[in-house]
Amino acid sequence: MSPQILNTAKPTPTPPPSSSPRHHASPPLPKLLGRRAAAAAIAIAAAPALLSVSPASSKAEEAVDAAAAAAPGPCVAELPVTAKAFLDVSIGGEPAGRITVGLFGDAAPAGASRFLSLVTGVGYRRKEFVKIVPGYVQHAGVVSYPAVPAATDRLAAEADALLARCGGVVHGAAGAVSIVVRDPSLPPPKPKLVARGGKLEVEEEQVGVAPNGTEFVITTKEAPELDASAVMVGRVLDGMDVVEKIAAVPTVKDNAGSPYFRVAKLIGDKRAVVAERGFNRPYTKILVTNCGVLN
């Protein structure tokens, strides 16, 4: 461009407005500029505000800051491991291998203690994996354990604390081992009027069965839906190939999107409830044949 156009250090004073209603003609274009270059030069000279565009460096810094804010905290890979447990798994009666779990006794003391208590006794032994979905596999836990509110509330509090510590993303990678402590699909308790000792009292009636804090899941990839229902107690140190074998077992098709199923569930058909329990269940029996603590 011509130096006369780009020289903004000493701007030419704006002439006083003319009393004539006619517009002044545009200044002649320099002969050294092509038509497109001259038009661009006139546009820049006529609109200096266009020159105040944000530099590329600031945009790059904003992108880095946004990526850093969205990145998960030190959840799966960086939390210290305080104890190790193992799960020997069989699929269809054939040994599939061992899963070694490192437990976060410092970050989730109640959850890690609960998991250790279930692998040392007869808790998880001879129990099945009952759910396989894209993102994680789920073990049935121990049905005989009661759902004690004091214990499950503490586990839920640890889940909330880990969620805050990890920047709102806990189950953001494969290999997370977590205990199920909530069921987001359960409706809130309903007040119910009951008679006790000749007096009427109001109590809350929970529809459905709340988790008892013994079921556990292992993620096979990012599974953010677990952040609202499970507390992470550890990570897989060895044996992710065994977890992938479990995830590859064929399952019962999830037919929840069918209009017939929706209508049946809406009208309270018990067959819909029974069918829903079978969704995503593996066709082949997957057992924890042995489990315990490693020194």
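Described in the following lines is the structure provided in the data block. (Residues numbered from 1 in each chain as written. Predicted model: local features only at pLDDT ≥ 70, side-chain atom pairs only at ≥ 80, totals over all residues. Heavy atoms only, no water.)

With respect to the helices and strands, the residue valine 101 is situated in strand β2 (residues 94–103). Given the relative accessible area of 0%, valine 101 is considered buried. Remark: the alpha-carbon pair of valine 101 and valine 81, spanning 20 residues in sequence, is separated by 9.2 Å. Setting aside its immediate chain neighbours within four residues, valine 101 contacts Ala83, Lys84, Ala85, Leu87, Val177, Arg235 and Leu237. (Helix = DSSP H or I, 4+ residues; strand = E, 2+ residues; numbered from the N terminus. Buried < 20%, exposed > 50% of the residue type's maximum accessible area, 1.4 Å probe, protein only. Contact = heavy atoms within 4.5 Å.)

One pass over the full model with this rule turns up 3 salt bridges. A salt bridge links arginine 182 to aspartate 160, with the shortest nitrogen-to-oxygen separation between them at 3.0 Å. Residue arginine 182 is located in the loop between β5 (176–180) and β6 (190–196), and its partner aspartate 160 is located in helix α5 (residues 149–165); the two are separated by 22 residues in the primary sequence. Residue arginine 182 is classed as partly exposed on the basis of its relative accessible area of 27%. Ionic pairing is found between arginine 196 and glutamate 201, a salt bridge with its closest N-O pair at 3.3 Å. The partly exposed category is assigned to glutamate 201, whose relative accessible area is 34%. (Salt bridge = Lys/Arg side-chain N within 4 Å of Asp/Glu carboxyl O.)

With that settled, the discussion passes to the packing of aromatic side chains. Inspection of every chain in the model, using the stated rule, returns 4 aromatic pairs. A centroid spacing of 5.5 Å and a plane angle of 55° characterise the contact between phenylalanine 115 and tyrosine 124, whose relative ring orientation is tilted. Ring geometry for phenylalanine 129 versus phenylalanine 216: centroids 5.8 Å apart, planes at 80°, classification edge-to-face. Remark: phenylalanine 216 occurs in strand β8 (residues 216–219) and phenylalanine 129 occurs in strand β3 (residues 129–133); sequence separation between them is 87 residues. The rings of Phe115, Tyr124, Phe129 and Phe216 are connected pair by pair, giving a single aromatic cluster. Sitting above the plane of the phenylalanine 86 ring, arginine 98 keeps its charged end 4.0 Å from the centroid. (Phe/Tyr/Trp six-rings, centres within 6.5 Å; stacked < 30°, edge-to-face > 60°. Lys NZ or Arg CZ within 6 Å of the ring centre and 35° of its normal.)

The next point concerns the nonpolar core. Generally speaking, nonpolar side chains in soluble globular proteins are found buried as a group. If you look at the biggest cluster of nonpolar residues, it comprises 47 residues, and the most contacted ones within it are Leu87, Val89, Ile99, Phe115, Met232 and Ile246. Top contributing element to this core by residue count: helix α4 (residues 109–120), with 5 residues. Contact partners of leucine 87, with chain neighbours within four places excluded, come to Gly97, Arg98, Ile99, Val101, Phe115, Val119, Phe216, Val288, Asn290 and Cys291. Residues Val133, Val180, Val217 and Leu226 belong to the second largest nonpolar core, which totals 6 residues. (Core = buried A, V, L, I, M, F, W, Y, C linked by side-chain atoms within 4.5 Å.)

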